[in-house]
Amino acid sequence: MLDYSAEAARYDETRGGLPRAEAAADAVRRLVPGGTLLDVACGTGLVGRELARRGLRVLGVDAAPGMARIARGRLDVVLGDAFRLPVRDASVGAVSTIWLLHLLPDVRPVIAECARVLRPGGVYVTTVDKCASRGRTGPSSPSDASDLVIAEALRHGLRQDAESTFIGHGQGGPAPDPIYRLLTFTHL
């Protein structure tokens, strides 16, 4: 896996920068009604900053010290692990995992943690099917496969509500820019 602390200084410039962050923030904001959003694996905080500019109070969490250092200049952030979020049970109105689940060998503990910290009626937003969005073939059962994520979310009291897409500006290389898929769940 990529060393995200080492990659932090050049992460934004190699991942579509502000145009990609704005597209992601616009899509997430359409799905999150307002209040406080816990941005899990917030990276450099570029998407989180754009969400804050769109009216959300954003708290970022990232496990990579280099990413968290950069994010601190953009939003409130704490160093923390997605498998054990440093947040009380039922304490936030919204949680996002943008471009995280595809990196994990097992998404179940992270989805469980996101459900744990959500208030009843809270919203969980996540990207899914990243390989498919980029036109790539990957594992026959990728960790962020939408059917797996939906089933696991349901096991933890999260009902799928809506979905959206956004363009991953600057991510296509010689191919067209990918269209990323977002799913939204409400905590019952």
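Data block above holds the structure.
Small disclaimer: the values here were computed from a predicted structure and weren't measured.

Draft legend 1. Broad picture of the overall build of the protein. In terms of helices and strands, the protein carries seven helices and seven strands. Ordered by position from N to C terminus, the α and β elements of the protein give α-α-β-α-β-α-β-β-α-β-α-α-β-β. Across the 188 residues of the protein, 51% fall into the buried class. Partitioning the contacts of the protein with sequence separation of at least 6, the portion at a separation of at least 24 is 66%. A total accessible area of about 8600 Å² is found for the protein, and carbon and sulfur atoms account for 53% of it. Here the protein contributes 23 positive and 21 negative side-chain charges, whose respective centroids are spaced 3 Å apart.

Draft legend 2. Region of the structure containing the environment of G16. Within the secondary structure, G16 sits in the loop between α1 (4–14) and α2 (17–31). Residues G16 and G170, 154 residues apart in the sequence, show an inter-C-alpha distance of 4.2 Å. Sequence-distant contacts of G16, defined by excluding residues within four places in its chain, comprise H169, G170 and Q171.

Draft legend 3. Quick peek at the layout of surface pockets. Computed from the structure, the largest pocket encloses a volume of approximately 780 Å³. Forming the walls of the largest pocket are 39 residues, and the residues nearest its centre are Y4, A41, D62, W99 and L103. Broken down by secondary-structure element, the contributors of at least two residues to the lining of the largest pocket are α1, α2, β1 (36–40), α3 (46–53) and α4 (65–71). For the lining of the largest pocket, the per-class residue count stands at 21 nonpolar, nine polar and nine charged.

Draft legend 4. Looking closely at the pairing of strand β2 (residues 57–62). As paired strands, β1 and β2 are joined by five bridges and run parallel to one another. Within the sheet, the bridge partner assigned to L38 lies in β2 and is L59. Following the backbone out of β1, through α3 and into the adjacent parallel β2, one traces a crossover that is right-handed. With four bridges joining them, β2 and strand β3 (residues 76–79) adopt parallel strand pairing. Bridging across to β3, D62 finds its partner in L79. On the question of chirality, the crossover connecting β2 to the parallel β3 by way of α4 is right-handed.

Draft legend 5. Broad picture of the packing of aromatic side chains. Counted under the stated rule, the structure contains five aromatic pairs. Measuring from centroid to centroid gives 5.5 Å for F166 and Y180, while their planes differ by 45°, and the two rings are tilted. Of this pair, F166 sits in strand β6 (residues 158–167) while Y180 is found in strand β7 (residues 179–187), placing the two residues 14 residues apart along the sequence. Each member of the aromatic cluster is reached from another via a ring pair, and the members are W99, F166 and Y180. Sitting above the plane of the W99 ring, R20 keeps its charged end 3.7 Å from the centroid.

Draft legend 6. Up close: helix α5 (residues 108–117). Listed as buried for α5 are V110, I111, E113, C114, A115 and V117. Close packing links the buried residues of α5 with β1, β4 (92–97), β5 (118–128), α7 (146–155), β6 and β7.

Draft legend 7. Spatial organisation of the nonpolar core. In terms of nonpolar packing, the biggest core is built from 25 residues, with L38, V95, Y124 and L158 touching the most fellow members. Mapped onto this core, the elements with two or more residues apiece are β1, β4, α5, β5, α7 and β7. The element best represented in this core is α5, accounting for five residues. Once residues lying within four places of it in the same chain are set aside, the contact partners of Y124 are V95, T97, L101, I111, C114, L118, L158, L183, T184 and F185. Counting residues in hydrophobic clusters, the runner-up holds 23 residues, among them A24, V28, V32 and V47.

Criteria and cut-off values
- Residues numbered from 1 in each chain as written.
- Predicted model: local features only at pLDDT ≥ 70, side-chain atom pairs only at ≥ 80, totals over all residues.
- Heavy atoms only, no water.
- Helix = DSSP H or I, 4+ residues; strand = E, 2+ residues; numbered from the N terminus.
- Buried < 20%, exposed > 50% of the residue type's maximum accessible area, 1.4 Å probe, protein only.
- Contact = heavy atoms within 4.5 Å.
- Areas by Shrake-Rupley, 256 points an atom, 1.4 Å probe, with all protein chains shown as cover.
- Lys, Arg positive; Asp, Glu negative; His and termini not counted.
- Charge placed at Lys NZ, Arg CZ, Asp CG, Glu CD.
- 1 Å grid on protein atoms, 1.4 Å probe; cavity = no way out; pocket = protein on both sides within 12 Å on 5 of 7 lines; lining within 4 Å.
- Points joined across faces, edges and corners; volume = space filled by probe spheres on them.
- Nonpolar A, V, L, I, M, F, W, Y, C, P; charged D, E, K, R; others polar.
- Pairing = 2+ DSSP bridges.
- Right-handed = clockwise from strand over helix to strand, strands pointing away.
- Phe/Tyr/Trp six-rings, centres within 6.5 Å; stacked < 30°, edge-to-face > 60°.
- Lys NZ or Arg CZ within 6 Å of the ring centre and 35° of its normal.
- Core = buried A, V, L, I, M, F, W, Y, C linked by side-chain atoms within 4.5 Å.

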